[in-house]
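Chains, contacts and geometry: an overview
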Amino acid sequence: MATQKTLEDAFNNGLKDVLYAERTSVRALKKAAKAAQNDELRQALEQHAQESEGQIERLQQVFEIIGKAARGKICESIQGLNAELEDHLEEFKDSEAADAVLIAGAQAMEHYEIARYGTLRTWAQQLGMEDAARLLEETLEEEKRTDELLTQIAERANQQADQGEGEQMEGGEGRE
């Protein structure tokens, strides 16, 4: 008979998943920053890539707290989000909408991480792992701040993209 899985098992699996996701997102953020046309966006993505490296260190601390090796586990969700971001970078490069789709892809990754960190923090609290919960909460708050910053940048970038399309329409090309 199979061993009954516990909340602690789910917590450990979730940590492995988000460690892989963070490592993957650092690479994606650096690539996205190079592709960004808007300086504010580029700086925000570079800053969050650095912040994510600190989040990886925090995750390693959580693994130490629970007495487990800090090993990631392939996260198909983040791979899919990363692939989508790559596709958008290629499809929209050099267009007025490039930064807008870049932000959308980055925010999709942030929303995934926010969901993961919120769940892991709650599970850590339920399991009585207060030090782990505190570290996860710290990262969760960073992810939320990044998402808010990307939203603010998106509001401006989306307007610029839309205005660029409007200019194209006046010149005879644009929306169909």
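Because the structure is predicted, anything quoted here is derived from the model rather than measured. (Residues numbered from 1 in each chain as written. Predicted model: local features only at pLDDT ≥ 70, side-chain atom pairs only at ≥ 80, totals over all residues. Heavy atoms only, no water.)

A word on the nonpolar core
By size, the foremost hydrophobic cluster in this structure holds 25 residues, and its most contacted members are Leu 41, Leu 45, Ile 78, Leu 102 and Ile 103. Contributions of two or more residues to this core are made by α1 (7-35), α2 (39-66), α3 (76-92), α4 (98-126) and α5 (130-170). Ranked by residues supplied to this core, first place goes to α1 with 6 residues. Excluding residues that lie within four positions of it along the chain, Ile 103 makes contacts with Leu 41, Leu 150, Ile 153, Ala 154 and Ala 157. Counting residues in hydrophobic clusters, the runner-up holds 20 residues, among them Leu 15, Val 26, Tyr 117 and Leu 136. (Core = buried A, V, L, I, M, F, W, Y, C linked by side-chain atoms within 4.5 Å. Buried < 20%, exposed > 50% of the residue type's maximum accessible area, 1.4 Å probe, protein only. Helix = DSSP H or I, 4+ residues; strand = E, 2+ residues; numbered from the N terminus. Contact = heavy atoms within 4.5 Å.)

Re the packing of α1 against α4
Following both chains from N to C, one finds α1 and α4 inclined at 160 degrees, their axes separated by 10 Å at the closest point. As judged from the angle between their axes, α1 and α4 are roughly antiparallel. Remark: the crossing between α1 and α4 carries left-handed chirality. Looking at the contact of α1 with α4 residue by residue, the class counts come to 16 nonpolar, 3 polar and 5 charged. (Axes fitted to C-alpha atoms, helices over the stretch in contact; angles between N-to-C directions. Parallel < 35°, antiparallel > 145°, perpendicular 65-115°, else oblique. Left-handed = near helix turned anticlockwise from the far one by under 90°. Nonpolar A, V, L, I, M, F, W, Y, C, P; charged D, E, K, R; others polar.)

So, the pattern of salt bridges
Taken as a whole, this structure holds 10 salt bridges when the rule is applied. The salt bridge partner of Asp 17 is Arg 116, with a shortest N-O separation of 3.0 Å. Taken as a pair, Asp 17 in helix α1 and Arg 116 in helix α4 lie far apart in primary sequence, 99 residues in all. A network of salt bridges, in which partner residues are shared, links Arg 58, Glu 138 and Glu 142. (Salt bridge = Lys/Arg side-chain N within 4 Å of Asp/Glu carboxyl O.)

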